[in-house]
Amino acid sequence: MLKNIDAILFDMDGTLVDSMWVWSSVDEDYIEKYNLTVPEDFLQQMEGKSFTETAQYYLDVFPTIPLTLEELKKEWCEMALDKYIHDVQMKDGAEQFIRRAHGLGIRLGIATSNDRTLAQQTLEARGISQFFDVISTSCEVKKGKPAPDVYLEAAKRLGVAPEKCLVFEDVPMGILAGKNAGMKVCAVDDDFSRCQEARKKELADYYICSYDEIFESAYEVL
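For clarity, every value in this text was computed on a predicted model and none was experimentally measured.

Trainee: What is the right way to read the side chain of lysine 200 from this model?
Mentor: Here lysine 200 is to be found in helix α9 (residues 197-203). Here lysine 200 occupies a buried position and makes no salt bridge, while the nearest side chain of opposite charge, aspartate 189, is found at 5.3 Å. Residue contacts for lysine 200: discarding those within four places in its chain leaves Asp170, Pro172, Ile175, Ala187, Val188, Asp189, Asp190, Ser193 and Tyr207.

Trainee: Got a minute to help me understand the sheet that holds strand β8 (residues 206-208) in this structure?
Mentor: Two strands in a sheet stick together by hydrogen bonds in their backbones, pointing the same way (parallel) or opposite ways (antiparallel). Spatial ordering of the open sheet is given by β5-β4-β1-β6-β7-β8, a layout of six strands whose pairing is parallel. The open sheet terminates on both sides in strands that have one partner only, identified here as β5 (134-137) and β8. Averaged over all adjacent pairs, the angle separating strand axes in this sheet is 25°, with direction ignored. In the sheet, strand β1 (residues 7-10) pairs with strand β6 (residues 165-169) via four bridges, with the strands oriented parallel.

Trainee: Before we go on, may I ask you to explain the state of the cysteines in this structure?
Mentor: Between two cysteines, a covalent bond joining their sulfur atoms is known as a disulfide. Inspection of every chain in the model, using the stated rule, returns zero disulfides. With no disulfide of its own, cysteine 186 lies 9.9 Å from the sulfur of cysteine 209, the closest cysteine sulfur. What makes cysteine 186 buried here is its relative accessible area of 0%. By relative accessible area, cysteine 209 is classed as partly exposed at 49%.

Trainee: How should the layout of surface pockets be read in this particular structure?
Mentor: Of the volumes computed, that of the largest pocket is approximately 770 Å³. As for the largest pocket, its lining consists of 28 residues, of which Met20, Leu43, Met46, Glu47 and Gly48 are closest to the centre. Residue assignment for the lining of the largest pocket shows that the elements contributing at least two residues are α1 (20-34), α2 (42-46) and α3 (51-61).

Trainee: Would you mind going over the side chain of threonine 122 with me for this structure?
Mentor: As for its position among the elements, threonine 122 is in helix α6 (residues 116-125). Exposure remark for threonine 122: the relative accessible area of 1% places this residue in the buried category. Once residues lying within four places of it in the same chain are set aside, the contact partners of threonine 122 are Met12, Val17 and Tyr84.

Trainee: Explain the nonpolar core here, please?
Mentor: As a rule of thumb, soluble globular proteins bury nonpolar side chains together. In this structure, Ile8, Phe10, Tyr58, Phe132 and Phe168 are the most contacted members of the largest nonpolar core, which totals 51 residues. What phenylalanine 10 contacts, discounting residues up to four positions off in sequence, is Leu16, Phe97, Ile98, Leu108, Gly109, Ile110, Ala111, Phe132, Phe168 and Tyr211. Core analysis: the second largest hydrophobic core is formed by 22 residues, Ala154, Val160, Met183 and Ala187 among them.

Trainee: Looking at this structure, how should I read the pairing of strand β7 (residues 184-188)?
Mentor: As a general feature of sheets, a regular strand has side chains that alternate between the two faces. Within β7, four of the five residues are buried, leaving the element largely enclosed by the surrounding structure. Of the strand pairs in this sheet, β6 and β7 are connected by four bridges, and their pairing is parallel. The residue of β7 that forms the bridge with phenylalanine 168 is cysteine 186. For the segment spanning β6, helix α8 (residues 172-180) and β7, crossover handedness is right-handed. One ladder, built from three bridges, connects β7 with β8; its direction is parallel. Each bridged residue has a counterpart across the sheet, and for valine 188 the counterpart in β8 is isoleucine 208. Once you follow β7 into α9 and on to β8, the crossover reads as right-handed.

Trainee: For this particular structure, what's the right way to read the packing of helix α4 (residues 69-86) against α6?
Mentor: A pair of packed helices can be characterised by two numbers: the angle between their axes and the separation between those axes. For the pair α4 and α6, the least separation of the axes is 9 Å and the interaxial angle reads 20°. The angle between the axes of α4 and α6 places the two elements in the roughly parallel class. Once α4 is placed against α6, the crossing between them reads as right-handed. In this structure, α4 uses Cys77, Ala80, Leu81, Tyr84 and Ile85 to contact α6, whose residues at the interface are Leu118, Gln121, Thr122 and Ala125. Residues that form the contact of α4 with α6 fall into these classes: seven nonpolar, two polar and no charged.

Rules of the game
Residues numbered from 1 in each chain as written. Predicted model: local features only at pLDDT ≥ 70, side-chain atom pairs only at ≥ 80, totals over all residues. Heavy atoms only, no water. Helix = DSSP H or I, 4+ residues; strand = E, 2+ residues; numbered from the N terminus. Buried < 20%, exposed > 50% of the residue type's maximum accessible area, 1.4 Å probe, protein only. Lys, Arg positive; Asp, Glu negative; His and termini not counted. Salt bridge = Lys/Arg side-chain N within 4 Å of Asp/Glu carboxyl O. Contact = heavy atoms within 4.5 Å. Pairing = 2+ DSSP bridges. Axes fitted to C-alpha atoms, helices over the stretch in contact; angles between N-to-C directions. Disulfide = S-S within 2.5 Å. 1 Å grid on protein atoms, 1.4 Å probe; cavity = no way out; pocket = protein on both sides within 12 Å on 5 of 7 lines; lining within 4 Å. Points joined across faces, edges and corners; volume = space filled by probe spheres on them. Core = buried A, V, L, I, M, F, W, Y, C linked by side-chain atoms within 4.5 Å. Right-handed = clockwise from strand over helix to strand, strands pointing away. Parallel < 35°, antiparallel > 145°, perpendicular 65-115°, else oblique. Left-handed = near helix turned anticlockwise from the far one by under 90°. Nonpolar A, V, L, I, M, F, W, Y, C, P; charged D, E, K, R; others polar.

What follows is the structure, given as structure tokens:
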């Protein structure tokens, strides 16, 4: 998996950390607070969207929410930050894999649809921020996933060619973003996208349930 790879780019939510439940909790709070009726394809429509695109989608679908785009994003960050810092845990084997990859001289980056502050503070709270050379967010590029923009931007900041990058992702839209960027992609198992497992395996080059699975093969190759 790591042969001829100079950089590894991680999506964050559901890929590097078990955090999808945070946003389910935020959704539930908003649905109750504003007595919202959720469309059937609600979650599917949000998949891959940037933090800003998701907030705008919310306001488009629920025009009765009495907040501006920036107010909504700020409130979401305030609601989620404590959970990200204190409750969100890393995926199995992720920290060890990051430390080993960094030790082998592989550049590391984050390419997330989430808010930059949440991403940065999550890495700091988990004690791994020093291993990452770049954080790129979908809010900082033209289009969110499945467009390749956020992954191409992360590779550009690292100074690494796309074909030398390996992406870790948890949902089909993210996998497509990595593939559209011309990168190898490893899909990561996650409770919130397990219903899409077949599609994930179809789209990705590799599939893992735990980062522990790639330790031995990584050393054999390198």
